[in-house]
Amino acid sequence: MTKKILVLGTLDTKGAEIAFLKRSIELSGCRATVMDVGILGQPATQADITREDVARAAGQTLEQIRALPNRKRIIGAMIQGAIEKAKLLHGSSGFDGVVGIGGGTGMHICTAIMRSLPMGLPKLMVSSMASMDVSEFVGAKDITMMTSVADLASLNTVTRTVLAQAAGAICGMAGASVPSSEPRTAIAMTSFGITTQRADNVGRCLREMGHELVVFHTVGSGGMAMEELLDQGLFVGVLDLTTHEFIDQVAGGHYGGVGDERLETAGRKGIPQVVGPGGLDCVAIFAPEGVPAKFAGRRTYYHDFRVCVRSTAAELEVVARILADKLNEAAGPVKFLVPLRGWSSASRHCEPLFDPEADRAFVDALKGSLKPDIEIREIDAHIDDMEYAQAAVSHLHQMMTSSSR
Amino acid sequence: MVKMIVIVATLDTKSEEARYLKERIEEAGLETVVVDAGVLGDGPFPADIPSEQVAQLGGSTLPELRALRDEGKAMEAMAGGATQAVQDLYRQGRLDGIIGLGGSMGTSVGTQVMRSLPFGLPKVMVSTMASRDISPWIGHKDIVMLPSVADLSGLNRMTKRTLSNAAGAIAGMVQADAAGGDGERPIIGIGTLGATEACARHARPLLESMGYETIVFHTVGSGGRALEERIAEGLATGVLEISIQEVFGNLLGSPYDAGADRFENAGRMGIPQVVLPGNADFIAWSPPDALPSRYRARHLHMHNPAITLVRSNADEMRIIARTLAEKLNRGKGPTAVVVPTEGFSDYSRKGMFFYEPETDRVFAEALREAIDPRIEVIEVPSDINSPACAEAMVEAFRSLQA
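Residues numbered from 1 in each chain as written. Chains lettered and ligands numbered in written order. Predicted model: local features only at pLDDT ≥ 70, side-chain atom pairs only at ≥ 80, totals over all residues.

The number of helices and strands found in chain A is 14 helices and 14 strands. Classification of the 405 residues of chain A by burial places 56% in the buried group. Excluding contacts between residues fewer than 6 apart, the proportion of contacts in chain A whose partners are at least 24 apart in sequence is 74%. (Helix = DSSP H or I, 4+ residues; strand = E, 2+ residues; numbered from the N terminus. Buried ≥ 20, exposed ≤ 12 C-beta atoms within 10 Å, placed from the backbone. Contact = placed C-beta atoms within 7 Å.)

Once that is clear, we can look at the interface of chain B and chain A. Between chain B and chain A, the residue contacts involve 64 residues of the former and 64 residues of the latter. Where the side of chain B that touches chain A is concerned, the elements lending two or more residues are α1 (11-27), α4 (71-91), α6 (135-138), β5 (144-147), α7 (157-175), α8 (197-209), β7 (213-218) and α9 (222-232) of chain B. Among the elements that take part in the side of chain B that touches chain A, α7(B) stands out by supplying 14 residues, more than any other. Classifying every residue of the side of chain B that touches chain A by side-chain character gives 26 nonpolar, 25 polar and 13 charged. (Nonpolar A, V, L, I, M, F, W, Y, C, P; charged D, E, K, R; others polar.)

Residues and elements named next belong to chain A. Reading across from one edge, β10-β12-β11 is the order of the 3 strands in this open sheet, with antiparallel pairing throughout. Taken across any chain shown, the strands that pair with only one partner, and hence form the sheet edges, are β10 (282-286) and β11 (300-302). Sheet twist, expressed as the average angle between the axes of neighbouring strands with direction ignored, equals 25 degrees. Sheet topology note: the β10/strand β12 (residues 306-310) ladder contains 5 bridges and is antiparallel. From the neighbouring strand, A284 faces β12, where its bridge partner is C308. (Pairing = 2+ DSSP bridges. Axes fitted to C-alpha atoms, helices over the stretch in contact; angles between N-to-C directions.)

Before going further, it helps to spend a moment on α1(B). Residues and elements named next belong to chain B. Its 17 residues give α1 an end-to-end C-alpha distance of only 21 Å, which falls more than 12% under 24 Å, the value for a rise of 1.5 Å per residue. At E17, α1 shows its maximal kink, close to 40 degrees. Inspection of α1 places L11, T13, K14, S15, E17, A18, Y20, L21, K22, R24 and I25 among the buried residues, and these make up the whole buried set. Downstream of α1 by a residue or two, G29 has a phi angle that is positive, lying close to 90 degrees. (Expected span 1.5 Å × (residues − 1). Bend = angle between axes of the 7 residues up to and from the residue.)

All names here are of chain B. Where helix α12 (residues 314-330) meets helix α13 (residues 357-370), the closest approach of the two axes is 8 Å, and the angle between their N-to-C directions is 35 degrees. Seen from above, α12 lies across α13 with right-handed handedness. The residues of α13 that touch α12, namely those facing A314, M317, R318, A321, R322, L324, A325 and E326, are T359, D360, V362, F363, A366, L367 and A370. Looking at the contact of α12 with α13, its residues break down into 10 nonpolar, 1 polar and 4 charged. (Left-handed = near helix turned anticlockwise from the far one by under 90°.)

All right, on to the sheet that holds β7(B) then. Residue and element names in this part refer to chain B. What the 6 strands build is an open sheet, ordered β7-β6-β8-β9-β13-β14; its pairing is parallel. Looking at which strands have only one partner, the edges of the open sheet turn out to be β7 and β14 (376-380). Sheet twist, expressed as the average angle between the axes of neighbouring strands with direction ignored, equals 20 degrees. Across 5 bridges, the pairing between strand β6 (residues 187-192) and strand β8 (residues 236-243) is parallel. If you follow G189 over to β8, its bridge partner there is V239.

All names here are of chain B. Contact geometry for α4 and helix α5 (residues 104-115): axes closest at 9 Å, N-to-C directions at 30 degrees. Classified by chirality, the crossing of α5 by α4 is right-handed. Here E71, M75, M78, A79, A82, T83 and V86 of α4 lie close against α5, whose contacting residues are M105, S108, V109, Q112 and V113.

It is worth spelling out the nonpolar core at this point. In this structure, B:V35 and B:M393 are the most contacted members of the largest nonpolar core, which totals 191 residues. The element contributing the most residues to this core is helix α7 (residues 157-175) of chain A, with 11 residues. Not counting chain neighbours up to four residues away, the residues in contact with B:M393 comprise B:A203, B:L240, B:V274, B:L276 and B:V338. (Core = buried A, V, L, I, M, F, W, Y, C linked by C-beta atoms within 7 Å.)

Further remarks concern the pairing of strand β2 (residues 31-36) of chain B. Residue and element names in this part refer to chain B. Of the pairings in the sheet, the one linking strand β1 (residues 4-9) to β2 comprises 6 bridges and is parallel in character. In the sheet register, I7 faces β2, and the bridge partner there is V34. At this point the chain moves from β1, through α1, to the parallel β2, and the crossover so formed is right-handed. (Right-handed = clockwise from strand over helix to strand, strands pointing away.)

This part is about the environment of A:A176. All names here are of chain A. For A176, the location among the structural elements is in the loop between α7 and β6 (185-191). By C-beta crowding, A176 is classed as buried, having 24 other C-beta atoms within 10 Å. For the pair A176 and P122, spaced 54 residues apart in sequence, the C-alpha separation works out to 9.5 Å.

Here we come to the environment of A:L370. Tracing the sequence through the fold places A:L370 in the loop between α13 (356-369) and β14 (375-379). In contact with A:L370, not counting residues within four places along its chain, are A:A324, A:L327, A:N328, A:F336 and A:I376.

Residue placement: A:T300 occurs in strand β11. Measuring from C-alpha to C-alpha, the distance between A:T300 and A:S311 comes to 9.9 Å, with 11 residues separating the pair along the chain.

Moving on: the pairing of strand β4 (residues 123-127) of chain A. Residue and element names in this part refer to chain A. The buried fraction of β4 amounts to 5 of the 5 residues, a majority that puts the element mostly inside the structure. Burial along β4 is two-sided: K123, M125 and S127 and L124 and V126, pointing in opposite directions, are all buried. Bridge count between strand β3 (residues 97-102) and β4: 5 bridges; the pairing is parallel. Within β4, the residue paired with V98 across the bridge is K123. Handedness of the crossover joining β3 and β4 through helix α5 (residues 104-115) is recorded here as right-handed. Sheet topology note: the β4/strand β5 (residues 144-147) ladder contains 4 bridges and is parallel.

This part covers the confidence of the model for chain B. Chain-level pLDDT for chain B is 90 on average; 97% of the residues reach the 70-or-more range. Here the predicted complex carries an ipTM of 0.77, next to a pTM of 0.70. (pLDDT = per-residue confidence, 0-100.)

See below:
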């Protein structure tokens, strides 16, 4: 069956480029539907979904949107209408991939639309701005970024190559199939650093029980991506063993402040969860020019371009209270599993960051703040040890089987 | 001929995932060459270019690298070796596209290899690190970053979907009709930002009627670097630099930094160039909370949630004018500067929030003091985005060629 691609862009400034992209998509054997998300000028070519349609979906006319008092509200209204149209189209005749082109503003609009579409649906953004910090644009979604290298302001050697490849990429993605395998229920797990071995061990244990494991790397977007998928109902249980983001949030590390929802979705949905202190013993910093002065005197561990700095008892007590506040609200079963021999590969017993006294302060603070029906288990092992992995899996299994009865 | 895709991966930790990707690509009718950049041991399936060979090409051996007990250093050697291996394939004409997968180390190795390959050769990096700042990975190359939302750790419904999409993307890219330019008309490189884009838009048809093809670069750091690189490669026969914002980036540390040699390659190559002080009326900074405190009390404009503009003052005008003059003075080709006196961007036209003609005047004064007399400075009594300014720019360019 012919695959359908939704093409997003502003037809006033990128008319010729979008027409070329559409032609290239059709040359690749797919069908293209163009949605015009431009506002100000005159569209240079005909859209399948016009800017007037988009405005109407936002409950206004194009003139009303143009008359809004500032750029932010004008763009906001077009985004709202475009999301509405895209969701409607996806729910009715459907499409198999979405591609957007634009500069800064175009990327802002197009990626907002893409973020509203489900995970797994191919999404490709082509932009001259797709070469820098894209976190604002990608969020926790699977948006592929293709830099246009040259500005998408005319058709020429460079832009024609980029647009033809973009057409190839989105059509290739839309046509890609995932060979089906036996259905399993999925368990989410957070991990950090080089813990592949542990993930393999956990994966094997879970497979024997008929589950499959999906691992999220808690370096920025991973944790929030898991929360979003938990909200979509993809997982029946969670091994949130690596809560590292919270120490970065409290101590000023690199991966802090990822989102308010972190560590809350499983509780809200009543999904069983085993939580651990993975990575809480180190504050991750990007320090090409050396460790910042505020961390002077602390033990450090050089990972690669990142440096891990030992967290203090005082910081961990704050983290313990934040975690407790979140977990105390959970509607489903929760257990907290503390490994006693270190919480990251930087603090295996002989490594520089191991500090059992600071770790103890965390456990004491946690015991003081968690409500009594949340059990805290101490395991005499390192977090990467098989023993800890097995304990985590068996506790989760136990909660899942007793809660389903 | 069947297209060949190189897969760069560390098979010690990502063997299962690499094999899945390879199978999906082969299903799409392409051939693959797997290059193993892992150091910890062999994976369960054999690479076409095994890790031992990669280590040797990197000037070392696997036991030596393991003995280092320093993952960063080991990876450096493996990246060097993998680059060597891929370059050999490229020279033999056995390479149509490249794809990598990995976490931070895998991304570092994969993109280093990709950056050694020319523009236009399809490059896809599947990475757990593709949703933040990707500039360290892609540099100014055309590397497509495909985020793996879940960790590439085991095959499951999410990683399979990600890897299948990635296989589709690279397969689609190498099979896309290589568009290419018309290859006949000489090329003019144009640098601009959105706030001066109208100038480029007015100039393009004029240049095209003179028989040129125009290529526009977005001067947000990576764009300026890409333009300099294309100039140094000899792609352009002339340059119109409408935006000099990146000079601030390099001098003041603001985000749009295109390197110290920005505005110097055209002079080095001796090709004609016309430069305008576009976007010198502001300094583009990151979100409000990342704005250095010394700018907090200045005249600010929130461009969008990610970008804050600071109105440049007389001192900054003087600095940017002098720096630009020094750069242009070093050049050996014909050069002219066109200064619009009624605004350096959309934002400093009459009636706009950055309208400050007395500040802008400092630019022309400081420039004239510092610039080599052989470089003509032409003042145009209009704003930069008016058709008159674009016409003056094209006219100046035409006279440089005579």
